[in-house]
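Commentary on secondary and tertiary structure
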Amino acid sequence: MSGSNQKVKILLAFIFLTYAIIRLITNLPARSAPRELVDTAAYLRISQQPVSDIRFWGDKRPLVFPLLLKISEQNTSLTSLLQTGFAILAWGLLALFVSASMRTVWLQLLSFGMVLTLSLVRHLANWDYVMMTESLSVSWFVLFLALGIWLTHGWRVDKVIALCVAGLFLAFTRDTNAYLLLMLAGMLILAVIFRWAQPRVLILAAFFLLSFLLNNINSETGARWIFPLNNIVGRRILLSTEAVRSLESCGMPVTPALLEMVNNYGHSQDSAFYTNPKLEDYRIWLAAHGKTCYMKWLLSNPIRSVGQSLNQFQGLIAFADVSKFFARGYDPLLPWFVEPFIYPVKFILPLWVILTIGALIAIWKRAWTINPLWGVYILLNLPILPHLFITWHGDAMAPERHALSVGLQLALCLWIAIFLLFDQSMLQRKSTKKVNG
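Now for a quick tour of the structure. Values in this document were obtained by computation on a predicted structure and should not be read as measured data. (Residues numbered from 1 in each chain as written. Predicted model: local features only at pLDDT ≥ 70, side-chain atom pairs only at ≥ 80, totals over all residues. Heavy atoms only, no water.)

Take the side chain of Thr76 next. Among the secondary structure elements, Thr76 is positioned in helix H6 (residues 76-100). In contact with Thr76, other than residues within four places in its own chain, are Pro34, Glu36 and Met131. (Helix = DSSP H or I, 4+ residues; strand = E, 2+ residues; numbered from the N terminus. Contact = heavy atoms within 4.5 Å.)

This next bit is on the state of the cysteines. Taken as a whole and assessed by the stated rule, the structure comprises 1 disulfide. Residue Cys250 pairs covalently with Cys293 via a disulfide, S to S 1.9 Å. Across the S-S bond of Cys250 and Cys293 the torsion is about -75°, and the bridge reads as left-handed. One end of the pair, Cys250, is in the loop between helix H14 (241-249) and helix H15 (256-259); the other, Cys293, is in helix H17 (residues 280-300), and 43 residues separate them in sequence. (Disulfide = S-S within 2.5 Å.)

We now examine the packing of H17 against helix H18 (residues 302-311). Relative to each other, H17 and H18 sit at 95°, their axes nearing to 5 Å. In terms of orientation, H17 and H18 fall into the roughly perpendicular class. Residue-level inspection shows Trp297, Leu298, Leu299 and Ser300 of H17 in contact with H18, the latter providing Pro302, Arg304 and Ser305. Along the lines of polarity and charge, the residues of the contact of H17 with H18 split into 4 nonpolar, 2 polar and 1 charged. (Axes fitted to C-alpha atoms, helices over the stretch in contact; angles between N-to-C directions. Parallel < 35°, antiparallel > 145°, perpendicular 65-115°, else oblique. Nonpolar A, V, L, I, M, F, W, Y, C, P; charged D, E, K, R; others polar.)

In this section: a nonpolar patch on the surface. On the surface, Leu17, Ile21, Leu24, Ile25, Ile71, Leu78, Leu81 and Leu82 cluster together into a nonpolar patch covering about 680 Å² of accessible area. Among the secondary structure elements, those contributing two or more residues to the nonpolar patch are helix H1 (2-25) and H6. Sort the elements by how many residues they give to the nonpolar patch and H1 lands first, with 4 residues. On the secondary structure map, Leu24 appears in helix H1. (Patch = residues over 30% accessible without salt bridge, like charges linked within 9 Å, V, L, I, M, F, W, Y side chains within 5 Å. Areas by Shrake-Rupley, 256 points an atom, 1.4 Å probe, with all protein chains shown as cover. Salt bridge = Lys/Arg side-chain N within 4 Å of Asp/Glu carboxyl O.)

Structure representation (structure tokens):
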């Protein structure tokens, strides 16, 4: 048996080495001239601030990507290489720990290879060559998930510390990630209350909650929520008479100057939301009450708010225009006709319903007692809808790009469920053979 395990390890190492080499030696033109978008200038500006300057730690953008730019000394080609290297490490660890959760050799090999293959789809891999937060956000999420699975293989202090550190970096890479940690904290607390998990997991819940609070304070310091809320006002609120009346009753000054901003983003008309003197009263209201009033509007009719998110589910995850974000020299590694079988872009809503029903059945059956990976699957699946809700209602600009992490959650849930069902089926078959034999 030990000789067989050694052969499996060697084969896994060979697969990973081949994967790493492929990712490093391909798309060199894209890596040498990565894509820069409008927001890239803001990240570069922040990265040039001294580390001792408060503006570096609490600015208009989360600090992890500017930190990477500072490490690379604003060399975007080097930044792209570092993003690629980090992605290789994160996905390699996720593949390793998912594989280690399987109890049959062929499924260990299959799951390892499929997780690595998933990382190559254009929806995920192209961001290594784009100077935005997507690559780091995906990689930190993948690493966070990998470390979470590792922790289920045996509780140790070093594993807990590693998971908490990854969660902190995840939260400060993109603000919506912090809400994901908040949701995980809530679910872990419920798991302890229902005695599905040991009380020690409250350590994780407490740290995830702390990470959320720190990110929220940091966001307030940099007033990062003002620009996306202006996008929401211009592109959605002003298009709805009902929404305008609701926010007006909450104090929003509805003036001709504000109504003229309909269908505009925060930076439109020479940043009129920020510079037009006629909108000064609106700016004062937005800073003092805008976020609270908008949340009240969403919660005043939760069926409408959730329904709007669900209506966008298919389009957000499919991300049909993802290619417009490609670097000029980027060449997808997988054929386009193969990718839909690996990263779901069709029938998203029914697929989510099926996977969620599976998670509820897993809770009912206490499936994590059979394989701890079921517990990870549940924690990964249940936040999908609230994560989508926060993403859609959090910003009206490039919502498909912002929903990338939701699509990743869905894809990982699909494959983890497939692996677990095969694993359970194989064990039951072996058990039946022993009984009959």
